[in-house]
Amino acid sequence: MSDTDISIGHLIEISGERAVAELTADTTAPLAENYYPGQPGSYVKVPFRDYSIIGIVSDVRMPVNGGGRKTAGCVLIGTLEPDGRFERGVAIYPNVGQPVQMVTASELRTIFAEFLHFDYSFGALSQAPDQRAYIDVNRFFGQHCAVVGSTGCGKSYTVVSMLQSVIRKYPHTHIVVLDLHGEYASAFPDCVNAVHADEVELPYWILNFDEFQDLAVDRMEMTAKNQITVLRDCIVRARQSTDVAERMGLGTSVMVDSPIYFDIDELLGQLRNWNIQMVPDPEGRMMPGPLYGMFDRFLIRFDSRMSDPRYDFMFKCRAYKGADSLPQLLRDFLSIDTGKRMTVIDLSGVPNEAVGVVVAVVSRVVFEFNLWNPDRDRFPILMVYEEAHSYIPNREDDRYRACRASVERIVKEGRKYGVGAVVVSQRPKELSETVIAQCNNFVAMRLTNPDDQDYVRRLVPDTATGLIAMLPALRTGEAVILGNSVALPTRVMVDIPCPTPSSADVDYDRYWDQ
């Protein structure tokens, strides 16, 4: 880009945030380096009085009848004030006939210097590779972010690049990554607590009642409601029994959700007894009790899971065997006094039907930790949900009821308690609408599915619709960053992470040829 004002046309129409410019410059020849007049995605300015109104070109058109000049549709998104500061929004509307000029290199630096003091960036502007896209860290992570894009567009690389940039800059981060496919640990060989698939442990006794229901009860069974009622009473008794045996002194304050250890075998033994209990009728004859046969399928299903080696992470924990191990679990997950800055939990070894429960428990424990943490203002936590549509679906599914509730609570209330979220998905339309609607920032990568494009377009401000139209044509590793954490809606090339995650495409040609 040049540092001289170069006129490219003049305004012929203004309507709200949209403007149309008639182009007088040759659109086929660059004016400065790679700046082509009217190129979609490029920045323009309209000098008016002492202000410069900044816009983004959204489309370019030829005259319908072949005569006249080309026109460029622009979205007005900000203002360079007389004192040189950049402000979002249009301070004063220009009039038709006003000249339209290319934004100079120095003006572009001024615009994107708004968040320069954070010194946080994970990419450079696509049309100006020398200009970094600086981001407001507080807004980007504290007000939640969604990373969306089709498979193969570079989402994992982008998320890793974001996190590597954070860890390089900040020495005391607390980040929890829920890694569904085991891709991330290899990208963080140091300073990260990597909980590998065969090391994941999440004891059953830490589950609250909703999470335990999702794990144990099939709500399609006719007796499901009665099972839930009895199970609630049984768990309360089991936790109270531990309180008495270990002389905790909690008494009536022990609730069904209290994180107190209980013996799962004793609980199942009680249910088995009630399931086959015979009681005398008024004439002394034995007859089935009120719960007889109610837990037949429940017990078969639960016994099957307890004997399944894939559930050892929950029922045969080695590290977290009692209530006194809860503080250690929190230290491990939240990187407290561990010398680590992030925890990556590899969920690739967790059974698909239990993933929702694991995500629910981790999310709830993290949220409640900061909810009751008197120093939460100095202890911000970031949750990263990889492939979020798989366990936070935009539909009713009993398997993910507790998971949706936990994550939705974080995105709705987490900002107040210092818990932010990054939600990653290749199918945003299948993701919980509540979750994605609470994200104030978007990193939108190549999206080829028309339904997903339309869904994202409805979620972002009208001023960004021109950039959203570019999503199908974005390159691998290229993204549009939208939200109040960037000075302008911006198309960037994301930095290649080093090391890279284990998410590269398989080389069919090479290995099929051997």
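Everything here concerns the structure above.
Conventions used here
- Residues numbered from 1 in each chain as written.
- Predicted model: local features only at pLDDT ≥ 70, side-chain atom pairs only at ≥ 80, totals over all residues.
- Heavy atoms only, no water.
- Helix = DSSP H or I, 4+ residues; strand = E, 2+ residues; numbered from the N terminus.
- Buried < 20%, exposed > 50% of the residue type's maximum accessible area, 1.4 Å probe, protein only.
- Contact = heavy atoms within 4.5 Å.
- Areas by Shrake-Rupley, 256 points an atom, 1.4 Å probe, with all protein chains shown as cover.
- Lys, Arg positive; Asp, Glu negative; His and termini not counted.
- Charge placed at Lys NZ, Arg CZ, Asp CG, Glu CD.
- Pairing = 2+ DSSP bridges.
- Axes fitted to C-alpha atoms, helices over the stretch in contact; angles between N-to-C directions.
- Parallel < 35°, antiparallel > 145°, perpendicular 65-115°, else oblique.
- Left-handed = near helix turned anticlockwise from the far one by under 90°.
- Nonpolar A, V, L, I, M, F, W, Y, C, P; charged D, E, K, R; others polar.

Helix and strand counts for the protein come out as 15 helices and 19 strands. Along the first, second and third principal axes, the C-alpha atoms of the protein reach 100 × 60 × 50 Å. The buried share of the protein, reckoned over its 514 residues, is 54%. Here the contacts in the protein between residues at least 6 apart in sequence split such that 69% fall between residues at least 24 apart. Carbon and sulfur atoms make up 49% of the accessible area of the protein, which amounts to about 23500 Å² in all. Side chains of the protein carry 51 positive and 68 negative charges; the gap between the two charge centres is 2 Å.

In spatial order, the strands read 8-19-18-17-9-16-15-10-14-11; together these 10 strands make up an open sheet with mixed pairing. Only two strands of the sheet have a single neighbouring strand rather than two, namely strand 8 (123–125) and strand 11 (192–195). With strand direction ignored, the average angle separating the axes of adjacent strands in the sheet is 20°. Taken together, the 5 bridges between strand 10 (residues 175–179) and strand 14 (residues 342–346) define a ladder with parallel strand orientation. Note on strand 14: the bridge partner recorded for isoleucine 175 is methionine 342. With respect to the sheet, helix 10 (residues 352–371) is in contact with strand 10, strand 14, strand 15 (381–385) and strand 16 (419–425), its orientation differing from that of strand 15 by roughly 165°.

Position of glutamine 131 among the secondary structure elements: in the loop between strand 8 and helix 2 (137–142). Not counting residues up to four positions away in its chain, the partners in contact with glutamine 131 are Leu108, Arg109, Phe112, Ala124 and Leu125.

Let us now look at the packing of helix 6 (residues 264–275) against helix 7 (residues 296–307). The description of two helices packed together rests on the angle between their axes and the distance between the axes. At their nearest, the axes of helix 6 and helix 7 sit 10 Å apart, and the two run at 155° to each other. Taken together, the axes of helix 6 and helix 7 are roughly antiparallel relative to one another. Read as a crossing pair, helix 6 and helix 7 show a hand that is left-handed. Taking contact as the criterion, the partners of Ile264, Asp265, Leu268, Leu271, Arg272 and Asn275 in helix 6 are, on helix 7, Asp296, Phe298, Leu299, Phe302, Asp303 and Met306. Within the contact of helix 6 with helix 7, the residues separate by chemical class into 7 nonpolar, 1 polar and 4 charged.

Once that is clear, we can look at the environment of histidine 172. Positionally, histidine 172 belongs in the loop between helix 3 (155–169) and strand 10. Residue histidine 172 is classed as exposed on the basis of its relative accessible area, which comes to 68%. C-alpha of histidine 172 to C-alpha of serine 156: the two residues are 16 residues apart in sequence and 23 Å apart in space.

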